[in-house]
Amino acid sequence: MSKMTNDFPQALTIAGTDSGGGAGIAADFKTMQERGVFATMVVVAVTAQNTLGVQDALPMPPQLIDEQCASLAADLKIRACKTGMLADPTRVMAVVKNLQKYDFGPVTVDPVMIAKGGAKLLSDDAIATVRDQLLPLASLVTPNLPEAEELTGMKIQTEADMITAGKLLQGMGAKNVLVKGGHFASADEANDFVLLENGHNFWLTAKRIPTHNTHGTGDTISACITAELAKGKSMEKAIRIGKAYVEATIKDGINVGHGHGPLNHWAQIGGDQDEI
């Protein structure tokens, strides 16, 4: 007897490409593959990019974003999806409309706004569109500290501020929130704050690893969480696995390029969390 069509877990990334292979859709695909999930994509923008930075970018026509989403919805069974770099307000709204039209499962929003060097990747009006239109659709939002500051309009200098920011983001419509604390330069640990839909909150702690090879960490943790949700894991379990996986990809590093190098997506996290 043949297996049912679409019985295998499938996940979707809606984001930009990274020609250097370390971030964006490339990182999402590598992560989802390693976590045992079939990955699909909607390309929102194409970038000329490497470990040194982004040299150029070309957004896709909104009609092509619509057609990619329609194509997936017509054939596949997407069980969870994530968004990444969405370029500008026009593309953000195209993505929002498609997420409202199609059921692609729980939506993880990685609000890609700030580059590693601190440069803004989204204009102010695009950030406002993410905040006002995309966040209310989010099952989970995963900002780093600069992104959380942009979304909330507050300065985040302490862990108490991270808690406040998490509550503000939940108030904006995101059901669950993961505020990543890796940008605290002086800390020996990377502490992330998690606020769940039911009000439960907790901290995830990992020892800081001295390395420049951290390109794609935000994409990777959000892709891992999305993959785990596609496999039916609970939100808390998916977030904990995501944190453990990213920690392993940094700890068991590889050397590629001359700038902020990529993660090692082959890394194994061990224990029961590593089950596929």
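Before reading further, recall that the structure is shown in the block above.
Remember, predicted model here, so these are calculated numbers, not experimental data.

Analysis parameters
Residues numbered from 1 in each chain as written. Predicted model: local features only at pLDDT ≥ 70, side-chain atom pairs only at ≥ 80, totals over all residues. Heavy atoms only, no water. Pairing = 2+ DSSP bridges. Helix = DSSP H or I, 4+ residues; strand = E, 2+ residues; numbered from the N terminus. Contact = heavy atoms within 4.5 Å. Axes fitted to C-alpha atoms, helices over the stretch in contact; angles between N-to-C directions. Buried < 20%, exposed > 50% of the residue type's maximum accessible area, 1.4 Å probe, protein only. Arc of directions from axis to C-beta. Polar contact = N/O pair within 3.5 Å; in protein donor to acceptor, adjacent residues only side chain to side chain. Core = buried A, V, L, I, M, F, W, Y, C linked by side-chain atoms within 4.5 Å.

Take the sheet that holds strand β3 (residues 53–59) next. In spatial order, the strands read β3-β2-β1-β4-β5-β6-β7-β8-β9; together these 9 strands make up an open sheet with mixed pairing. What marks the edges here is a single partner per strand, and that holds for β3 and β9 (201–207). Across 4 bridges, strand β1 (residues 10–16) lies against strand β4 (residues 80–83) in parallel orientation. The residue bridging A11 from the neighbouring strand is A80, located in β4. Packing of helix α7 (residues 217–230) onto the sheet brings it into contact with β1, β4, β5 (107–109), β6 (140–141) and β7 (176–179), and relative to β4 it is tilted by some 165 degrees.

So, on to helix α4 (residues 124–134). Every buried residue belonging to α4 is among A126, I127, T129, V130 and L134, and all of these are buried. Around the axis of α4, the buried residues are gathered within 155 degrees of arc, so they sit on the same side. Buried residues in α4 make contact with β4, α3 (89–101), β5 and α5 (145–152).

In this fold, N176 is placed in strand β7. For N176, the side chain forms a polar contact with the main-chain nitrogen of E197, separated by 2.7 Å. Setting aside residues no more than four positions away along its own chain, N176 makes contact with S139, L140, V141, L195, L196, E197 and M235.

In this section: the nonpolar core. Counting 47 residues, the largest nonpolar core has L12, I14, L99, F104 and I156 as the members making the most contacts within it. Per-element tally for this core: the top contributor is α3, with 5 residues. In contact with L99, other than residues within four places in its own chain, are I14, C81, T83, F104, V107, L134 and L137.

Summarising burial for strand β8 (residues 189–195): 6 of the 7 residues are buried, a large majority. In this sheet, β8 lies alongside β7 in antiparallel orientation, the contact comprising 3 bridges. By the bridge assignment, L178 is partnered in β8 with V194. When β8 meets β9, the two strands line up antiparallel, connected through 7 bridges. If you follow L195 over to β9, its bridge partner there is N201.

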